[in-house]
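Secondary and tertiary structure notes
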Amino acid sequence: MFANAQLLPISALQHLLFCERQCALIHVEQLWAENRLTVEGQSLHRKAHDPRKASGDVRGSTRQVRSLEIASHRLGLVGVADVFEFTGAGPPKPIEYKRGRPKKHDADRVQLCAQALCLEEMLGLDTPLAGGAIFYGQTRRRLDVVFDEALRDTTERAAHRLHEIIDTGITPTARREKKCDRCSLLNLCLPGALRPRRTASAYLSQTSRAMLAAP
């Protein structure tokens, strides 16, 4: 069990599964940069977390609860869920908002599953939540996600790996890949420019000293 001070953000799981180096740059080295994709994503989340709707929307027999604070001391995770839907006497259903379209990797599905695991622990549910959904801004559609054993196992292993990276404090070595072009940290990461175990912070610091020393 993790103490409150050891809880890590659920959103870091998505960074981890997209790229472990990106995850370390953000959560170990505290580096961040914006690009069009991150700005659009933040805009969509602001709408989902509209404080005027935080007390709950009621649509027919469905009630939506927004900006719900959740945590799991077993997995060491904490966060704020976009939306949980409660329909009649049925189980709650997490809804996550994303700017783009469904992805080939599991990052979005794992983030959603982590929210379910947190709520199950908080409420002491005897019956696991069956599933949730991800609303993608680009397609304007929901993608249903089933919380099967495979996804739950992937989510728990990702939480363990996240704590491992944060605890070691070592940023993985950069590798230039096609997905790097979509990353807002591309100019801070400098894939291919770093030696093993050398951090981006150290590289940038050395570069700054060299520029100041130049005639």
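If you're wondering where the values come from, they're calculated on a predicted model, not measured in any experiment. Counting restarts for each chain: residues are numbered from 1 in the order of the written sequence. For this predicted model, a pLDDT threshold of at least 70 governs which residues receive local features, and a threshold of 80 or more governs which side-chain atom pairs are given and counted, while totals over whole chains, interfaces and linings are taken from all residues. Side-chain measures were taken over the full set of non-hydrogen atoms in the model, leaving aside hydrogen atoms and water.

1. Some remarks on the overall build of the chain
The number of helices and strands found in the chain is seven helices and seven strands. Walking the chain from its N terminus toward its C terminus, one meets helices and strands in the order β-α-α-α-β-β-β-β-α-β-β-α-α-α. We call a residue buried when its accessible area falls under 20% of the maximum for its residue type, exposed when it is over 50%, and partly exposed in between, using a 1.4 Å probe and counting protein chains only. In the chain, which comprises 215 residues, the share counted as buried stands at 42%. Accessible surface is estimated by sampling points in the Shrake-Rupley manner with a 1.4 Å probe; for residues, cover comes only from the protein chains shown. Here the chain has roughly 12000 Å² of accessible surface; of this, 54% comes from carbon and sulfur atoms. Every helix listed is a DSSP run of H or I at least four residues long, and every strand listed is a run of E at least two residues long, numbered separately from the N terminus.

2. Re the packing of aromatic side chains
A pair of Phe, Tyr and Trp rings is counted when the ring centres sit within 6.5 Å of each other, with Trp represented by its six-membered ring. The angle between the planes then sorts it: under 30 degrees is stacked, over 60 is edge-to-face, the rest tilted. Evaluated as defined, the whole model comprises one aromatic pair. Judged by centre distance (5.3 Å) and plane angle (50°), the ring pair of Tyr97 and Phe135 falls under tilted. Residue Tyr97 is located in strand β5 (residues 93-98), and its partner Phe135 is located in strand β6 (residues 131-136); the two are separated by 38 residues in the primary sequence. Residue class for Phe135 comes out buried when judged on its relative accessible area of 13%. One cation-aromatic arrangement involves Lys179 over Phe18; the distance from NZ or CZ to the ring centre is 5.2 Å. In this analysis the charged atom, NZ for Lys or CZ for Arg, is taken to sit over a ring once it is within 6 Å of the ring centre and within 35 degrees of the ring normal.

3. Quick look at the nonpolar core
Counting residues in each nonpolar core, the largest one holds 30 residues, and the members touching the most others are Ile10, Leu13, Ile70, Leu77, Phe147 and Leu162. Looking at this core, the elements with two or more residues in it are α1 (11-18), α2 (20-27), β4 (77-87), α4 (107-123), β6 and α5 (149-168). Ranked by the residues each element gives to this core, the list is headed by α4, at eight residues. Working rule for contacts: check all heavy atoms of both residues, and any pair within 4.5 Å makes them a contact. Non-local contacts of Leu13, meaning those with residues more than four positions away in its chain, are made with Leu77, Val110, Ala114, Ala158, Ala159 and Leu162. Throughout this description, the term nonpolar core refers to a set of buried Ala, Val, Leu, Ile, Met, Phe, Trp, Tyr and Cys residues connected via side-chain atoms within 4.5 Å. Counting residues in each nonpolar core, the second largest holds nine residues, with Phe18, Ala174, Cys183 and Cys189 among its members.

4. Quick notes on the state of the cysteines
Any cysteine sulfur atom paired with another within 2.5 Å is treated as part of a disulfide. Going through the model one piece at a time under the given rule, you end up with zero disulfides. Free cysteine Cys113: the closest other cysteine sulfur is in Cys118, separated by 9.8 Å. For Cys113, a relative accessible area of 0% gives the class buried. This cysteine, Cys180, is not joined by any disulfide, and Cys189 carries the nearest cysteine sulfur, 6.1 Å off. By relative accessible area, Cys180 is classed as buried at 12%.

5. Section: the confidence of the model for the chain
Model confidence for the chain is summarised by a mean pLDDT of 83, while 76% of its residues fall at 70 or above. For the chain, per-element mean pLDDT is lowest for helix α3 (residues 36-48), which scores 53, and highest for α5, which scores 97. pLDDT runs from 0 to 100 and stands for how confident the predictor is about each residue.

6. Examining the pairing of strand β3 (residues 62-72)
Where β3 and β4 come together, 10 bridges link them in antiparallel fashion. Within β4, the position partnered with Arg63 by the bridge is Phe86. Being paired, for any two strands, means DSSP has found at least two bridges between them. Counting the residues between successive antiparallel strands, the hairpin from β3 to β4 contains four residues, one of them, Gly76, with a positive phi of roughly 75°.

7. Section: the environment of His15
By the element assignment, His15 lies in helix α1. Counting along the chain gives 11 residues from His15 to Ile26, while the straight-line C-alpha distance between them is 8.4 Å. Each residue touching His15, except ones within four places of it in the same chain, is listed here: Glu20, Gln22, Cys23, Ile26 and His27. Whenever a nitrogen or oxygen atom comes within 3.5 Å of another N or O atom, the pair is scored as a polar contact, on the condition that within protein one atom can donate a hydrogen and the other can accept it, and that pairs from neighbouring residues in sequence are kept only if both atoms are in side chains. A distance of 2.9 Å separates polar atoms of two side chains, one belonging to His15 and the other to His27.

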